Structures are given as C-alpha cells and as structure tokens.
Amino acid sequence: MRLIRCLSDFKGTPNGVAIAIGNFDGFHKGHQAVIECMKEKAERMNLVPAVMIFEPQPLEYFSKDKSPARISSLRDKLLALKSAGVQLVFCMKFNADFAAMSAHDYVIELLGKKLGVKSVTVGTLFNFGQGGKSTIDDLKKIGASIGMEASAIDGVDLNGERISSTKIREYLFKGQLDQAKEALGRYYSMSGIVVHGNRIGRNLGFPTANMNVNRRISPLKGVYAVKVSTRFGLKDGMANVGVRPTVVPNQTKAILEVNIFDFDKDLYGQSIRVFFIKKIRDEMKFDDIEILKEQLEKDKTFAQEFLLNHNVNEF
C-alpha cells in the first residue's frame, strides 16, 4: 500500500482510481462495508482501490482541544486499510484552505483532475465542501458532469443501533469491550514502538513495555487483561492506560504500560500490538506503594485466570 501525503508525489494511475472517503476512525464494520463496496467497483471498472483520509480529522481541526478521543492512531488506521486491500491512501492535510474549498473544486479539481477518480464511495452521512454544506446528492451531480460515478452506503446496525465511531468510544469508555469487539469485528487494540520508561514497574516487581499513546485523548483508561503480539509470539499480560497517579504525581499525558506474563525478552525499539480483552478496574491513586503492589498482584491473578478460562481469538 502506498501512502500519499503530498499530492505532487502522485503521478496518476493507468486507468484511474476508485476512492472511498472518510475518517475511518476505528475502522468498524460500517467503514468496512464502504471499503468493500469501493473495492468491488474498482475491480469491475479496472481501477486502483484507494482511500482519502484527513490529518487532523475535521472535527479535531474545528473543535481543537474539545475534540473527542481518537479510536485509532494514524498508524493503526493505515494498518487496517492495508489489511483490507487498499492500495493507495491519500492523507490530506485538513487546514483552513482545505476547509474553504468549494464543492465544485473538491470534486472537479481535486478528485477529478488531480487524483483521476472515476468512482467515489462514501457513507450516507458524508458531507464535504465549504462549511460541510454539500452532500452525496451534490457529489453525484457534480461528478456526473465529468463522468465520475458516486454512491453512498447505508450504515451497519448492531442491536438496532447504527455502528459509529461515537458509539465505539462510548463502549471503550465504559469498559464494554465485548460490545466494542462486535462493532469493530475484532478486539480493540493499540500498536506502537516500545520506548524506555523510568523503570517504575520493574522496581515494583512488574516490569512493563511502555508505549506512548499518540492521541490527544485516550479512548480508554484503566487496567485491562490483554493479549500482546510481539516478534516472539502472542503473549498474555495486563496493561494500564493512564497517568499513573500513585507513582508519577501531576502527569497529564496518558501512557500504555504492559506487563507481559512470564516474559523476559528485550522489546525496546520494537513494534508490539496490545489487544484489550477485559477491563479489570479503573485507574486509581493508592495511599502508598505497598498497597499498589498488593493490588497489582490481584490484577495479575484476575487477568491470568480470565485469559486461561476464556477462548480469546479473532485478532
């Protein structure tokens, strides 16, 4: 899969592009339906299957610090799109100029002339152009003038509700990981590079692989039973996502710490993926280190027993 962040680097394709447009935050079953429809059209029309995403996401640009937590980092989103069979990803810088682009320029100049788009697939809630005032009807009408077809895919329902990134954030915030898994089609996960920490976990008897949470706000916080994908295989463990109030007072940026059970390999600088299986408890501040260590022992016992007694699959 090729990532295009500067349009001047893109020289076109022989027959053109079939594109799906959206944030694809979390890449849930609704997003997957959009991608599958786009791929079907790409195959039928002999086009390259492509996706357009935005950095920052439009709501992040307009809402700044009040924007909701991201479900997926850009890294995780790109991995999901690659696994889905997307060949080209146009990652557009969402700024004042992009936000002010007219619907006509968006379709004719950007999609048509610059990207060579012949087919567009979006969700039914898609809007675009200056002020977000244009809809799928405008996309179809303007696109038809240059031979570009467009269609919108209905949302996918779960238990009578439309699957959405907003709903998945709610599941994650409430620790409802089974519901999140059903909406995503897989266990919720975070991936990244293991970084050096301050060895607090090791000093407590629970050495951790640490990973920065590269999101403005983490979509989940607390202690979890997890599975960890490493180059040494899939391992059981427990993880904390949060600010570590007992041992690091006044920390504001969340960090992901993973204690991998019965594991002593060096993971620094390596990529891992952490799958969140069961929430154990909320993060909390303890009166002293000894009480924290006692709780960590209980957390480990719970996580080990849960992972042993449940069939954990679909990674």
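Residues numbered from 1 in each chain as written. Predicted model: local features only at pLDDT ≥ 70, side-chain atom pairs only at ≥ 80, totals over all residues. Heavy atoms only, no water.

**A look at the environment of Met211**
- The topology assignment puts Met211 in strand S10 (residues 209-212).
- When the C-alpha positions of Met211 and Asp282 are compared, they lie 19 Å apart, and in sequence the two are 71 residues distant.
- When near neighbours in sequence (up to four residues on either side) are disregarded, Met211 contacts Met190, Ser191, Gly192, Ile193, Val195, Ile255, Leu256 and Ile272. (Helix = DSSP H or I, 4+ residues; strand = E, 2+ residues; numbered from the N terminus. Contact = heavy atoms within 4.5 Å.)

**Quick word on the pairing of strand S12 (residues 233-242)**
- In terms of strand pairing, strand S11 (residues 222-230) meets S12 through nine bridges, oriented antiparallel. Following the sheet pairing, Gly222 is matched in S12 by Val241.
- Here six bridges tie S12 to strand S13 (residues 255-260), and the two strands are oriented antiparallel to one another. For Asn240, the partnering residue across the bridge sits in S13 and is Glu257. (Pairing = 2+ DSSP bridges.)

**Focus on the confidence of the model for the protein chain**
- Mean pLDDT for the protein chain: 92, with 95% of residues reaching 70 or above.
- The least confident element of the protein chain is helix H9 (residues 200-203), whose mean pLDDT is 68; the most confident is strand S2 (residues 17-21), at 98. (pLDDT = per-residue confidence, 0-100.)

**Some thoughts on the sheet that holds strand S9 (residues 189-193)**
- Spatial strand order, S9-S14-S11-S12-S13-S10: six strands in an open sheet with antiparallel pairing. Strands with a single pairing partner mark the edges of an open sheet, and in this sheet they are S9 and S10. Ignoring which end each strand starts from, the neighbouring axes of this sheet average 35° apart. (Axes fitted to C-alpha atoms, helices over the stretch in contact; angles between N-to-C directions.)

**Description of unusual backbone geometry**
- With an omega dihedral of -10°, the bond running from Glu55 to Pro56 counts as a cis peptide bond.
- Here Pro56 shows up in the loop between strand S3 (48-55) and helix H2 (58-63).
- Even without being a glycine, Asn159 presents a positive backbone phi close to 55°.
- Position of Asn159 relative to the elements: it lies in the loop between strand S7 (157-158) and strand S8 (161-162).
- Phi at Asp262 takes a positive value of approximately 50°, unusual for a residue other than glycine.
- Here Asp262 shows up in the loop between S13 and strand S14 (271-281).

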